Structures are given as C-alpha cells and as structure tokens.
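A look at the structure
Listed below are the residues making up each chain.
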Amino acid sequence: MSRIKQCFENLAKSGKKALIPYITAGDPAPDHTVTMMNALVAAGADIIEIGMPFSDPMADGPVIQLACERSLAAGTSVKKVLQIITEFRRKDKQTPIVLMGYLNPIEFFGYQAFSDAAKEAGVDGILLVDLTPEEAIDVVECFRDNEIDLIYLLSPTTTSERAKKICNLASGYVYYVSVKGVTGSAELDVDSVKKHVDSLRTITTLPIGVGFGIRDAKTAAAVSKCADGVIVGSVLVNAIAENKDRQKEYIADALGSILAPMRSEMDA
C-alpha cells in the first residue's frame, strides 16, 4: 500500500483529515528546504507537497511565482529537488511527499528517468499541472510502474464528464481547486466548496484534497468538515518571502507557527 493511501486510511480511522502544506523546493535556498519540511511535520503536516520551481508557473499567483524565481536564482534544479527529498528521507520514512510542477522540466529529464529517480528518492506522488488526461496515458504507466501516485487538479469549472475521465486516471487523492483563478487569488466560499466536493464524491472514491484560498486556522477547519485533506500553500510561501534573509531555523519556526493552529482547529 502506498504511503499516501495508508495516510488517508489511518486518518479516517481516527476521524481526522489530512493537513497538506505546500512549499517551493529551494526557496529561499536549497539547504533550507529539509529544515522547513521537518518543521511542517512537527507542526502537524500529514503529507507535504513540494513545488519544483519552473520559470512559467501558470497556475500560481505572484507569491508562488516569486518563490520559483528565488529558487531558480539559488540554483535549484530537478535533480536538486530529488536530492532534497533524499536528504529528508534519511530521517523521515513515513510522511508522504508529493512533487508539484510542470511538464517541461520533466519532459526534458525524461519521464521514465524522472520516475525512476523520484522512486529512488522516496517520492510518493506527482502532480503535473499542465498534464492533460489526453496526453497522460504513457506518462501514467511510467509512474504506476514505480508505485508513484498521479495527482490531478479539478476545478469549479470542470464538467462532470471530464471529472470522471480525470478521476479514472488519478490515484492517491484528487486536488480540488476551490476558487477560479490562480493560487492566493480569491476569498474562499466554503458552502460552494462543499457543494462541489459532495458532487465529486458521486464520481470518485479517492480522497479529495481542497486547496487555493486557505489562509488561516478558521478556513482550514471549515474546509476540513467536507474535504479529506486541506492544502495550504500561499500563506506559507509568503511567510518564507517575508523572512527570506533570516536563518533557516527562524523561517522553519515561522511556518510551524502558521500550520500548528490549523492542525489544532481541524482536530477540535
């Protein structure tokens, strides 16, 4: 059983929901990331999404775009991201890791070569924002052969027919984008989120994680009432930006101070 599936099953048995933070690998420097990942786990993270920096992150708002720029300027490459995961795995064998990024760098690396390297590093899932179902057949097999879950995005504008097609390819969990637009772009309408999540449950039995627009403990707790996972990104990445010139331990503490209240409210 994959670490992601095991994680969701264990949480469901205890009546809890997954808290899934996102940070960009290598932001503000590659040697900071493992320290921040460990701090997120200590603060209550169940799964960690790690962004692979890309020069044109189309689904991301300015906060994460700037994080990608800082990371690339610091010399972070796909190989460096995998090295970071390898280092994290030396101490943490349990927390599922999902890489999030775009097709171009992975296509350049080679899908099979990347899948093999990701498996060796200890990656559990991959979310490629611009990989459409129509183009995914061969790619899916590369990752399935290495027992790496392929995570897909679903949005408020995804039709029922297309959602079924996507969910048939997905594994691990599906990522429901709670707002129209890019990351960090709008206020969250929890009632609308619940309506869409309930509709998705008629299509798939996969766990449903909800992201975009979750900025504090109150909204995290509200979303956790209808979703299986709460995905938190921009508020964490913004905290990294605000403290980018400080020591990595200070930044890690700042992330923990944001995530821990979310964990507490979600479990209340």
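Above: the structure in question.
What comes next is a walk through the structure. Nothing here was measured: the structure is a model prediction, and the numbers come from that model. In this convention, every chain numbers its residues from 1, walking through the sequence in written order. With pLDDT at 70 or above as the cut-off, local features in this predicted model cover only qualifying residues; side-chain atom pairs require 80 or more to be listed or tallied, and sums for whole chains, interfaces and linings still use all residues. Hydrogens and waters are ignored; side-chain quantities use all the structure's heavy atoms.

1. Thoughts on the nonpolar core
- Residues grouped as a nonpolar core are buried Ala, Val, Leu, Ile, Met, Phe, Trp, Tyr and Cys residues, joined through side-chain atoms within 4.5 Å. Under the scheme applied here, a residue whose accessible area is under 20% of the maximum for its type counts as buried, over 50% as exposed, and between as partly exposed, the area being computed with a 1.4 Å probe on protein chains only. With 97 residues, the main nonpolar core has M37, I50, L99, F114, I126 and Y173 as its most contacted residues.
- Contacts are assigned to residue pairs with any non-hydrogen atoms lying within 4.5 Å of each other. With residues near it in sequence (within four places) discarded, I50 still touches Y22, I23, A25, M37, V81, I85, I97, V98, L99 and M100.

2. Quick word on the pairing of strand β9 (residues 229-232)
- Per the convention used, a helix needs a DSSP run of H or I reaching at least four residues, while a strand needs a run of E reaching at least two, with both numbered from the N terminus. Judged by which residues are buried, β9 turns out to be covered on both faces: G229 and I231 on one side and V230 and V232 on the other are all buried.
- Two strands pair under a simple rule: DSSP has to find at least two bridges between them. Here strand β1 (residues 18-24) runs beside β9; their pairing, made up of four bridges, is parallel. Within β9, the position partnered with P21 by the bridge is V232.
- Of the pairings in the sheet, the one linking strand β8 (residues 208-211) to β9 comprises two bridges and is parallel in character. In the strand pairing of β9, G209 is matched with G229.
- Crossover handedness is defined by viewing with both strands directed away from the observer: a clockwise path from the first strand over the helix to the second marks the crossover as right-handed. Each parallel crossover has a hand, and the one from β8 via helix α10 (residues 217-224) to β9 is right-handed.

3. Description of the pattern of salt bridges
- Salt bridge, as used here: a side-chain nitrogen of Lys or Arg that lies within 4 Å of a carboxyl oxygen of Asp or Glu. Under the definition given, this model contains 12 salt bridges.
- Its salt-bridge partner being E134, residue R162 comes within 2.9 Å of it at the nearest N-O pair. Of this pair, R162 sits in helix α8 (residues 160-169) while E134 sits in the loop between β4 (125-128) and α7 (137-145); the two residues are 28 residues apart in sequence, bridging distant segments of the chain.
- R162 gets classed as partly exposed once you look at its relative accessible area, which sits at 32%.
- Residue class for E134 comes out partly exposed when judged on its relative accessible area of 44%.
- In this structure, K194 and D198 form a salt bridge, with 2.8 Å as the shortest nitrogen-oxygen distance. Of the two residues, K194 and D198 are both situated in helix α9 (residues 190-200); the distance of four residues between them amounts to about one turn of the helix.

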